[in-house]
Amino acid sequence: MKPTAALIRRLEKAARKAAQASYSPYSEFRVGAAILAGSGKVYTGTNVENASYGLCNCAERTAIFTAAAAGERQVRAVAVYTPTKTATTPCGACRQVINEFGPEALVISVCDSADRIQTTLDRLLPAAFGPKNLGRKKA
Ligand code: THU
């Protein structure tokens, strides 16, 4: 089912709000994400950095891992807010993680201007490797 315009607006708002909790003392780049899960619930996340820089976790992955830990196994849409003048799409690692639960998810990017991007995960990560390549059903 395609998310309605009202749901998309709700996700965008939730992503902006989630950025307020960002733990990003190293990059000072406060990102927020909100996902619409299979149950219809919205889960949010923010980027959580670490003094060991390679362990930084993006907002999108925080939101998806939170949803998965709550038992969700489907991602229908992801909204991400970045504190930038133009909208930016999720990084490669996050695209792969979104693919696990939402190979056809809607991906919406918003920022500090009216600029926005609305696309789908399969456009951002074509020919993705995922559960289907292992012949696995989701547990
Ligand atoms: N970041 C995200 O949380 N999501 C994105 O889509 C882009 C990058 C975070 C990772 C790191 O904490 C900071 O932004 C700078 O890259």
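Here's what I pulled together on the structure shown here. (Residues numbered from 1 in each chain as written. Predicted model: local features only at pLDDT ≥ 70, side-chain atom pairs only at ≥ 80, totals over all residues. Heavy atoms only, no water.)

## Focus on the overall build of the chain
Across its full length, the chain holds four helices and five strands. Secondary structure elements of the chain, listed N to C terminal, follow the sequence α-β-β-α-β-α-β-β-α. Radius of gyration (C-alpha) of the chain: 14 Å, near the 14 Å computed for a compact globule of 139 residues. With the principal axes as the frame, the chain shows a C-alpha extent of 40 × 40 × 30 Å. Side chains of the chain carry 19 positive and 10 negative charges; the gap between the two charge centres is 6 Å. (Helix = DSSP H or I, 4+ residues; strand = E, 2+ residues; numbered from the N terminus. Rg over C-alpha atoms; globule rule 2.2 N^0.38 Å. Lys, Arg positive; Asp, Glu negative; His and termini not counted. Charge placed at Lys NZ, Arg CZ, Asp CG, Glu CD.)

## Focus on empty space enclosed by the protein
Counting across every chain of the model gives one cavity of 30 Å³ or more. Quantified by volume, the largest cavity comes out at close to 30 Å³. Lining of the largest cavity is provided by Ile35, Ile64, Ala67, Ala68, Glu72, Arg73, Gln74, Val75 and Phe101. A total of three residues in the lining of the largest cavity trace back to one element, the largest contributor, which is helix H2 (residues 59–69). The residue makeup of the lining of the largest cavity, split by class, is six nonpolar, one polar and two charged. (1 Å grid on protein atoms, 1.4 Å probe; cavity = no way out; pocket = protein on both sides within 12 Å on 5 of 7 lines; lining within 4 Å. Points joined across faces, edges and corners; volume = space filled by probe spheres on them. Nonpolar A, V, L, I, M, F, W, Y, C, P; charged D, E, K, R; others polar.)

## Here we look at the packing of aromatic side chains
This structure, assessed with the given rule, holds one aromatic pair. Between Tyr26 and Tyr53 the ring centres are 5.4 Å apart and the planes differ by 45°, which places this aromatic pair in the tilted class. Taken together, the positions of Tyr26 in the loop between helix H1 (5–18) and strand S1 (32–37) and Tyr53 in the loop between strand S2 (42–46) and H2 put the pair 27 residues apart, joining distant regions of the chain. Judged by relative accessible area, which is 38%, Tyr26 ranks as partly exposed. (Phe/Tyr/Trp six-rings, centres within 6.5 Å; stacked < 30°, edge-to-face > 60°. Buried < 20%, exposed > 50% of the residue type's maximum accessible area, 1.4 Å probe, protein only.)

## Looking at the site of the ligand
Lining the immediate surroundings of the ligand are Ser27, Phe29, Val31, Asn47, Glu49, Cys58, Ala59, Glu60 and Pro90. Glu49 places a side-chain nitrogen or oxygen 2.5 Å from an oxygen atom of the ligand. In the environment of the ligand, an oxygen atom lies 2.6 Å from a nitrogen or oxygen atom belonging to the side chain of Glu60. Across the complex, the protein chains shield 78% of the 380 Å² of accessible surface that the ligand would expose by itself. Among the residues forming the shell around the ligand, the class breakdown is five nonpolar, two polar and two charged. (Near = heavy atom within 4 Å. Polar contact = N/O pair within 3.5 Å; in protein donor to acceptor, adjacent residues only side chain to side chain. Areas by Shrake-Rupley, 256 points an atom, 1.4 Å probe, with all protein chains shown as cover.)

## Let's talk about the side chain of Ser24
With respect to the helices and strands, Ser24 occurs in the loop between H1 and S1. On the basis of relative accessible area, Ser24 is assigned to the buried category, the value being 6%. At 2.7 Å, the side chain of Ser24 forms a polar contact with the side chain of Ser22. Aside from chain neighbours lying at most four places away, what touches Ser24 is Phe29, Arg30, Asn47 and Glu49. (Contact = heavy atoms within 4.5 Å.)

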